[in-house]
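# Structural description and commentary
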Amino acid sequence: MSDKYRVPQTKEREFGGALGAAALLFLMPSTVFYLLLTCGTEQASVLSLPGPLPAPDSLWNPHTLLLLLAWFGFQALLYMLPIGKVAEGLVLRDRSRLYYPINAFHAFVLTALSVCVSVACGVRLSYIHDHFLQFAVSAAILSLVLSFFLYFKSLCAAESELAPGGNSGNPVYDFFIGHELNPRLGKFDLKYFCELRPGLIGWALINLAMQMKEMELRGVPSLAMMLVNAFQLLYVVDALWNEEAILTTMDIVNDGFGFMLAFGDLTWVPFTYSLQAYFLVNHPCELSTAAAVAIICLNALGYIIFRGANSQKNTFRRNPNDPRVAGLETIPTATGKRLLVSGWWGIVRHPNYLGDLIMALAWSLPCGLTHILPYFYVIYFTVLLVHREARDEHQCMRKYGLAWQDYCRRVPYRIFPYIY
């Protein structure tokens, strides 16, 4: 193979290098279990220990593992159905392109119909709430097994198939970050499948299960629970409907598929993003009509910014001459591409992150102001997006050089106007 197709060894290591990666291998699962254990206590205080560790039988249940395997298998089957269109990915290092099925929304609709039939046949979705910690443990085990499989598979991958950020030569770091960029079994893309399917659709299913449990306990779902379900369902459906847009994201284009993304997609997302719904089951919150309207308006504002910015970016990337973006001001770069410097992208450098964070706050507010636990998501997401923004800045500076410096001068604020 020509040297120009080889992925150079990773010189810049994130997260504190191998030591930081090793720490995160333990910190990420520990955080999930700490949050779930704390949420299950009466006080739900993150400032105090949740008590003695639960008995082993409350952590492990082979039935939850089998149910998760069935869930992953069902989503994999839907992924392989010949429905929807097929899209081209970006050009890879060896000048080839991969093809991706765009049918996640179809999978969601078929999943929703299957859930409706199951509930009509007497299946108790509240079983998910009753065994939530056991499901989380099973998901963590499957994430770890998948991560080992991915790493050992990557050792046999061609040089051109390795991830730019996960080719350090240190096995711990590469295991965490992901050594192979687009691991596939035949045409089945493992990273792309996990990015949206089992975890994101699973998140919506978990929220519904929490609402069903609340109805078992109190007869009717609370306004707070309905808002959390509606807001987060909108977010999930939006991601699935706009599935093709993820083909240009950092996760697909730059990051390898290792423990970080495998655990994040299959465990972190469904079991921490649903924390508000889980919290409300045992810690109900009464919302006034005025408060509910204000929260709905806040979520709508965040969604308008988030969707507007992402749609504008994706339209411009597909066709800069599209009438919807043709009139926007741009900056030419040495690569031949142009940088948007007006519209949403002229307000801050990452308006989609701003919209994301406003929505995250709206998801937490229905849980009231007495506990910080339901606000874990917005706190964590702020840290995550600030870190991701720094990664974006570094890559754009390296890629666009003086043009990026000019853009930063024209648009000085990164995420929050007049603040950051």
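Figured I'd write up the structure that's included with this text. This is a predicted model, so every value here is computed, not measured. (Residues numbered from 1 in each chain as written. Predicted model: local features only at pLDDT ≥ 70, side-chain atom pairs only at ≥ 80, totals over all residues. Heavy atoms only, no water.)

### Re the pattern of salt bridges
To keep things clear, this is the line we draw: In what follows, salt bridge is the name for a side-chain nitrogen of Lys or Arg lying within 4 Å of a carboxyl oxygen of Asp or Glu. Where helices and strands are cited, they refer to DSSP runs of H or I of at least four residues and of E of at least two residues respectively, numbered from the N terminus.
Applying the stated criterion to the full structure yields 16 salt bridges. One salt bridge in this structure joins K213 and D130, with 3.1 Å as the shortest N-O distance. Here D130 lies in helix α5 (residues 127-130) and K213 lies in helix α8 (residues 190-218), a separation of 83 residues in the sequence. A salt bridge links K153 to E180, with the nearest nitrogen and oxygen atoms 3.3 Å apart. With a gap of 27 residues between them, K153 in helix α6 (residues 132-154) and E180 in the loop between α7 (171-177) and β3 (184-185) connect regions that are remote in the sequence. Taken together, the shared-partner salt bridges connect R124, D130, K213 and E216 into one network.

### Quick word on the nonpolar core
How we decide: Only buried Ala, Val, Leu, Ile, Met, Phe, Trp, Tyr and Cys residues count toward a nonpolar core, and they belong to the same one when joined by side-chain atoms within 4.5 Å. Between buried and exposed lies partly exposed: a residue is buried under 20% and exposed over 50% of the maximum accessible area for its type, with that area taken using a 1.4 Å probe on protein chains only. Contacts are assigned to residue pairs with any non-hydrogen atoms lying within 4.5 Å of each other.
L36, F176 and F271 are the most contacted members of the largest nonpolar core, which has 105 residues in total. Per-element tally for this core: the top contributor is α8, with 13 residues. With residues up to four places along the chain from it excluded, the contact list for F271 reads V32, L36, F132, F135, A136, A139, I206 and L266. V325, Y400, C408 and V411 belong to the second largest nonpolar core, which has 15 residues in total.

### What about the packing of helix α9 (residues 223-241) against helix α12 (residues 275-282)?
Convention followed: Axes, fitted as lines to C-alpha atoms, cover a helix only where it is in contact. Angles between the N-to-C directions of the axes lie from 0 to 180 degrees. Each angle receives one of four descriptions, namely roughly parallel if under 35 degrees, roughly antiparallel if over 145, roughly perpendicular if within 65 to 115, and oblique otherwise. It is the rotation of the near helix from the far one that decides the hand of a crossing: anticlockwise by less than a right angle makes it left-handed, clockwise makes it right-handed. The residue classification treats Ala, Val, Leu, Ile, Met, Phe, Trp, Tyr, Cys and Pro as nonpolar and Asp, Glu, Lys and Arg as charged. All others, Gly included, are polar.
Close contact between α9 and α12 brings their axes to 10 Å; oriented N to C, the two are set at 165°. The angle between the axes of α9 and α12 places the two elements in the roughly antiparallel class. Remark: the crossing between α9 and α12 carries left-handed chirality. For the pair formed by α9 and α12, the contact residues are A224, M225, V228 and Q232 on the first element and Q276, A277, L280 and V281 on the second. Per-class residue counts for the contact of α9 with α12 are six nonpolar, two polar and no charged.

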